[in-house]
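# What the coordinates show
The chain contents come next:
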Amino acid sequence: MPHVEIKTSNRPDEWKIEQGMAGAVLPVLDMTEPQIKRVPPQQFPSKLTKNDAAVKAVGDPKKLFARERKGWRGYVEWENYPEKKEAAHKILKAETFPPNPEFQLGPIPGTNPVLPGTRWKMWHHALGGELSQIPEDSWETVLKEKHPDMLHLLQFPYNGEPPKRLVTDKAVTPNDLHFVRNHGGIPLIDKQDYSFKIDGLVNSPRTFTLDDIMDESKFPRIEKTVTMQCSGTRRVEQISKYAGQGDEVPQAPWAEGAIGTARYVGISLKKVIKACGGLKDGGKHLEFYGCDTYVKDDKLMNYLVSVPWSKVKANEVLLAWEMNGQPLPHIHGFPLRVVVLGYIGARSVKWLYRIKAIEEPSRAPVQSQEYLYFPQQVGKHNLKWTDGIQIQEMPVSSAIMSPWTKQVVIHNGKIKCKGWAYSGGGRWPERVEVSGDGGFDWYTVPLENLSAKGKWTWRTWEIDLPCDVEGWVEIVCRCWDNSLNTQPPNVRTAWNWGLHVTSSCHRISVYSVNKSKPLTRKRLEEFEKAGIPFGPITVPIPFPSQTWDDYEDFWRKNDPRDVDE
């Protein structure tokens, strides 16, 4: 039939919009008046603009944002130069950039990298100087240091996780498969030119080289196996149910791989503070400065966060230079990074160049405006930063790595499942349980199927989950830590506007095909004999599912379909 032009006021994608498959284009319904008003969503300019005169008036970027230190490629010091921040702000305000990509109320791109970070690249290129090559340098570093099978959620600043099949392949994560959550570009720093300073509310401010802190006669070395977890781990579950705060950098669509375990070598920060004469009165927090450049609201800054002195005092904050028996990879903070035991990964600052003792938690945006856990009724309409709890220790959590959701599983009465479990703050998984019926009956993972117990680490697990039923089943896992904390049952209980901390029980739907059932076994043999793949299950059976003789024989032996009078 030839194509017929239909005269209609509908959009071509009207059906998708009405069914919630393109929620970002839905108008807002204003019901505050007797007549409902449809308010169209925000429209972005179709043409990007640039005020060249305004940019030129700011000055030469090569001089404004020149290299700060010999051997430090890609580092710009922002915090000591408010005039430099102001110049960068003027440059970015003189140009329009593409809007945030919408991947919550619309489809997530089926690409790798999933999101390119177009705006972030354009910001760096617009500023120029030492920032001009950072996007290209960073991606080159990713390709050099990361496993070829990594899933690149955001190309720049780089955010990546390993594929599910490799997340728990080893109890200690290889460096090239450890997840990466960067907030800016990757600085390339020469070891011989490296130093960092400690100042603020310390009695004797000092500068240290890497050789200084690696001197074992002054600072005893510590080796710790540490699980690091991003507070966005499993965010895709929140996104798939309920959209939230949208920003391509803080809210990358993490799956279950934003967690990894490594063996770090370094020293306790407590010892270094002691070498600076200790803290002055009022010094209660340590603020960490990273070399990476962060952009927020068209303003430039270095990456800054803080942890309380009590955490440092307990010897739970390391300055580390080694990861799994090798020098830190550039992408993980070479030559020196902070490792905060039991806290979210956002506190473990990479490319450390300064530690400042301060009175109160950092007022930098990453600490005060981001990584906040909001109440469920807080959102774009009423948000205040003070409504959110600053996330430090991660709650107990777990995830199923195999099988995958929507996967068809052929088995003989038991489904092989594997995954990880973790609890922050120095707690550890004491028990892992898995259910094959949505959480009604639970089976305990045998202790011999759990990896070794550690105060700061996850435990990987495996179980042959009994499953007699066939068809769609919901497999669920949960963890109990040593304080008997466990996970809330559903993702709704974990949802929050910031889309952080998906700590609910991990749920997947799989299609169970139990080969121990005679008819199932016979049917699978028919597929094999015909040389036709069994999947996908939604494709009709390519041969008769029953002979007519069998069909007629059934009705001869059984009551008819309808009752006779």
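Residues numbered from 1 in each chain as written. Predicted model: local features only at pLDDT ≥ 70, side-chain atom pairs only at ≥ 80, totals over all residues. Heavy atoms only, no water.

- Looking up the protein chain in an unreviewed UniProt entry gives the name Sulfite oxidase, with the organism given as Pestalotiopsis fici.
- Checking UniProt for the protein chain, the heading Cofactor (unreviewed entry) contains the comment "Mo-molybdopterin". (UniProt positions renumbered as here; feature names shortened; annotations may be inferred.)

### Some details on a nonpolar patch on the surface
- On the surface, a nonpolar cluster with roughly 470 Å² of combined accessible area is contributed by Trp548, Tyr551, Phe554 and Trp555.
- The class of Tyr551 is partly exposed, set by a relative accessible area of 35%. (Patch = residues over 30% accessible without salt bridge, like charges linked within 9 Å, V, L, I, M, F, W, Y side chains within 5 Å. Areas by Shrake-Rupley, 256 points an atom, 1.4 Å probe, with all protein chains shown as cover. Salt bridge = Lys/Arg side-chain N within 4 Å of Asp/Glu carboxyl O. Buried < 20%, exposed > 50% of the residue type's maximum accessible area, 1.4 Å probe, protein only.)

### Comments concerning the sheet that holds strand β26 (residues 471–481)
- Pairing is mixed in the open sheet, where 5 strands are placed in the order β21-β27-β26-β23-β24. Each edge of the sheet is formed by a strand with only one pairing partner; in this case those strands are β21 (408–411) and β24 (443–444).
- Pairing of β26 with strand β27 (residues 506–514), which is carried by 7 bridges, proceeds in the antiparallel orientation. Bridge assignment links Cys477 to a residue of β27, and that residue is His506. (Pairing = 2+ DSSP bridges. Helix = DSSP H or I, 4+ residues; strand = E, 2+ residues; numbered from the N terminus.)

### A word on the nonpolar core
- Judged by nonpolar contacts, the single largest core of 114 residues is most densely connected at Phe196, Leu269, Phe288 and Leu319.
- Residue assignment places this core across two domains, with domain 1 (54–390) and domain 2 (396–514) each supplying three or more.
- Membership of the second largest hydrophobic core comes to 20 residues, among which are Leu450, Trp461, Ile463 and Cys477. (Core = buried A, V, L, I, M, F, W, Y, C linked by side-chain atoms within 4.5 Å. Domains from an automatic or database assignment.)

### Considerations on a positive patch on the surface
- On the surface, Lys270, Lys271, Lys274 and Lys313 cluster together to form a positively charged patch.
- If one sorts the elements of the positive patch by residue count, helix α10 (residues 269–275) sits on top with 3 residues.
- Of note, Lys270 is situated in helix α10.
- Judged by its relative accessible area of 31%, Lys270 is partly exposed. (Lys, Arg positive; Asp, Glu negative; His and termini not counted. Charge placed at Lys NZ, Arg CZ, Asp CG, Glu CD.)

### Concerning the environment of Val491
- Examined against the element boundaries, Val491 turns out to sit in helix α13 (residues 491–494).
- Linking Val491 and Arg235, residues 256 residues apart in sequence, is a C-alpha distance of 9.9 Å.

### Details of the packing of aromatic side chains
- Counted by the stated rule, this structure contains 19 aromatic pairs.
- Arranged with centres 5.1 Å apart and planes meeting at 50°, the rings of Trp72 and Tyr75 form a pair that is tilted. No difference in accessibility class separates Trp72 from Tyr75, as the two residues are buried.
- Where Phe196 meets Phe208, the ring centres are 5.6 Å apart and the plane angle is 25°; that geometry is what we call stacked. (Phe/Tyr/Trp six-rings, centres within 6.5 Å; stacked < 30°, edge-to-face > 60°.)

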